[in-house]
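Residue strings, one per chain:
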Amino acid sequence: MTAYSPLQPNHRPPRTHEKIPLNDLEKRLLNEYQKGLPLSPTPFQDIAEQLGTSEALILQILQRLQDTGVISRVGPVFKPRKIGASTLAAMSIPATELVRVAKIVSDFPEVNHNYEREDIYNLWFVVTAPDSERLQAALTKLEQRTGYPLLDLPMERQYHIDLGFPLWC
Amino acid sequence: MVLNKQDCQLIAQIQDGLPLTSRPYGEVGRRIGLSEDQVIHRVKALQAAGIIKRMGVVVRHHELGYTANAMVVWDVPDHQVDEVGARLGARDCVTLCYRRPRRLPDWPYNLFCMIHGRRRERVLEYIDQLVITEQLGEVPRKVLFSGRRFKQRGARYQ
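Residues numbered from 1 in each chain as written. Chains lettered and ligands numbered in written order. Predicted model: local features only at pLDDT ≥ 70, side-chain atom pairs only at ≥ 80, totals over all residues. Heavy atoms only, no water.

1. Side note on the overall build of chain B
Stage number 1. Counting its regular elements, chain B contains 5 helices and 5 strands.
Stage number 2. The order of α-helices and β-strands along chain B, N terminus first, is α-α-α-β-β-α-β-β-α-β.
Stage number 3. Compactness check: chain B gives a C-alpha radius of gyration of 21 Å against a globular reference of 15 Å for 158 residues, more than 25% above the reference.
Stage number 4. On the principal axes, the C-alpha backbone points of chain B span a range of 60 × 35 × 30 Å.
Stage number 5. Expressed as a percentage of its 158 residues, the buried residues of chain B come to 49%.
Stage number 6. Sequence separation of 24 or more characterises 62% of the internal contacts of chain B that already satisfy a separation of 6 or more.
Stage number 7. On chain B, roughly 7,700 Å² of surface is accessible, and the fraction owed to carbon and sulfur atoms is 48%.
Stage number 8. Between the mean site of the 26 positive side-chain charges and the mean site of the 17 negative ones, chain B shows a separation of 7 Å. (Helix = DSSP H or I, 4+ residues; strand = E, 2+ residues; numbered from the N terminus. Rg over C-alpha atoms; globule rule 2.2 N^0.38 Å. Buried < 20%, exposed > 50% of the residue type's maximum accessible area, 1.4 Å probe, protein only. Contact = heavy atoms within 4.5 Å. Areas by Shrake-Rupley, 256 points an atom, 1.4 Å probe, with all protein chains shown as cover. Lys, Arg positive; Asp, Glu negative; His and termini not counted. Charge placed at Lys NZ, Arg CZ, Asp CG, Glu CD.)

Dropping the structure here:
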């Protein structure tokens, strides 16, 4: 067994699920720059000037937050590709059967997210396929393999603008 | 917008993050044979075309203790759903807001929104506030907190 060494650059530190404390500068950095980064040759210098500090400190903070897994990156968020068809599906599964049925659902390559929710509809998953015909085929197969009916709840309209969310939530 | 080879190279270089250096776009340009100006210009074009939604600090809220995740579903009269959806979608702590079809008689809810918080009680308080400020007291609703994650495949571009 090898111990975690902070000197190995490609070794990602284990993700912690404990709350990581942030100071005021770090909070401002995260709140104000989730939705946009200056598109100038020197974005970190610009941020430093806007926050009244040095570029070196901004880079040091971002590196630390990235190394500890608080941020996944400083970079692009892509719009989900509109190609293909997808839906949100829900099933109502007896508690004793949930893990077994969830495994069957997760094994479908068309399923990307699959999670439990506290409700009579306790299994929720997103299904995607290249076109609506193949999506329907996957939904039918999901019902057959699990033996449970599903609710097919495709998105009809989107109202939010995704800008991340502030740390006062 | 049709992506050319250089756009694909650019996306491949930046999708895991910009280099944390003084001149990140210049550094990315050096790797793929573009000038700093050309990189900035292409990033702006990808943003204008809607392929890149935003450039920014991508926070892993889970790591900061945002582990309470509630899906709130509402049964809004059809003639009001777009207006209510737009108002809820604009609220700061609402991260997703969609209209979806009802499936009667099992599922009467047509508006879905997602709310994140550090603690369940805080999320419930926030929902209570939403109901008051957005005058949704008469609208039937249900709150579904998330439990175990059985599968989560991160979205990558290519």
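2. Focus: the domain arrangement of chain B
Stage number 1. Per the domain assignment, the segments making up chain B are domain 1 (5-48) and domain 2 (61-145).
Stage number 2. For domain 1 of chain B and domain 2 of chain B, the distance between their C-alpha centroids amounts to 38 Å. (Domains from an automatic or database assignment.)

3. Re the pairing of strand E3 (residues 94-99) of chain B
Side chains on a regular strand alternate between the two faces of the sheet.
Stage number 1. Where strand E6 (residues 157-158) of chain A meets E3 of chain B, 2 bridges bridge the pair, whose relative direction is antiparallel. The partner of Gln158 of chain A across the bridge, within E3 of chain B, is Tyr98 of chain B.
Stage number 2. Here E3 of chain B pairs with strand E4 (residues 111-117) of chain B via 5 bridges, running antiparallel. In the strand pairing of E4 of chain B, Leu96 of chain B is matched with Met114 of chain B. (Pairing = 2+ DSSP bridges.)

4. Observations regarding the side chain of Lys151 of chain B
Stage number 1. The residue Lys151 of chain B is located in strand E5 (residues 141-152) in this model.
Stage number 2. Of note is the side chain of Lys151 of chain B, whose polar atom sits 2.7 Å from the backbone oxygen of Ser106 of chain A.
Stage number 3. Separated by 2.9 Å, the side chain of Lys151 of chain B and the backbone oxygen of Val111 of chain A make a polar contact.
Stage number 4. Lys151 of chain B has contacts with Ser106, Phe108, Val111, Asn112, His113 and Asn114 of chain A, leaving out every residue within four places of it along the chain. (Polar contact = N/O pair within 3.5 Å; in protein donor to acceptor, adjacent residues only side chain to side chain.)

5. Considerations on empty space enclosed by the protein
Here the idea is plain: a probe the size of a water molecule rolls over the atoms and shows the empty space left.
Stage number 1. Applying the stated rule across the entire model yields 2 cavities of 30 Å³ or more.
Stage number 2. Considering only enclosed or pocket space, the second largest cavity measures out at about 40 Å³ in volume.
Stage number 3. Around the second largest cavity, the lining residues are Cys169 of chain A together with Cys93, Ile115, His116, Gly117, Arg122, Val123 and Tyr126 of chain B.
Stage number 4. Those elements that place two or more of their residues in the lining of the second largest cavity are E4 and helix H5 (120-133) of chain B.
Stage number 5. Split into classes, the residues belonging to the lining of the second largest cavity amount to 5 nonpolar, 2 polar and 1 charged. (1 Å grid on protein atoms, 1.4 Å probe; cavity = no way out; pocket = protein on both sides within 12 Å on 5 of 7 lines; lining within 4 Å. Points joined across faces, edges and corners; volume = space filled by probe spheres on them. Nonpolar A, V, L, I, M, F, W, Y, C, P; charged D, E, K, R; others polar.)

6. Brief notes about the interface of chain B and chain A
Stage number 1. Tallying the contact residues gives 75 residues for chain B and 78 residues for chain A.
Stage number 2. Summed over both partners, the interface of chain B with chain A comes to about 7,400 Å²; 57% of that surface belongs to carbon and sulfur atoms.
Stage number 3. It is Leu20, Arg54 and Glu63 of chain B in chain B that bury the most area against chain A; as a group they hold 11% of the surface buried on that side.
Stage number 4. One can count 5 salt bridges joining chain B with chain A.
Stage number 5. Put simply, chain B and chain A have 34 residue pairs in polar contact (both at pLDDT 80 or more) between them.
Stage number 6. Here the side of chain B that touches chain A is composed, by residue class, of 35 nonpolar, 18 polar and 22 charged.
Stage number 7. Of the pairings in the sheet, the one linking strand E3 (residues 111-117) of chain A to E5 of chain B comprises 4 bridges and is antiparallel in character. (Buried area = accessible area lost by both parts, 1.4 Å probe. Salt bridge = Lys/Arg side-chain N within 4 Å of Asp/Glu carboxyl O.)

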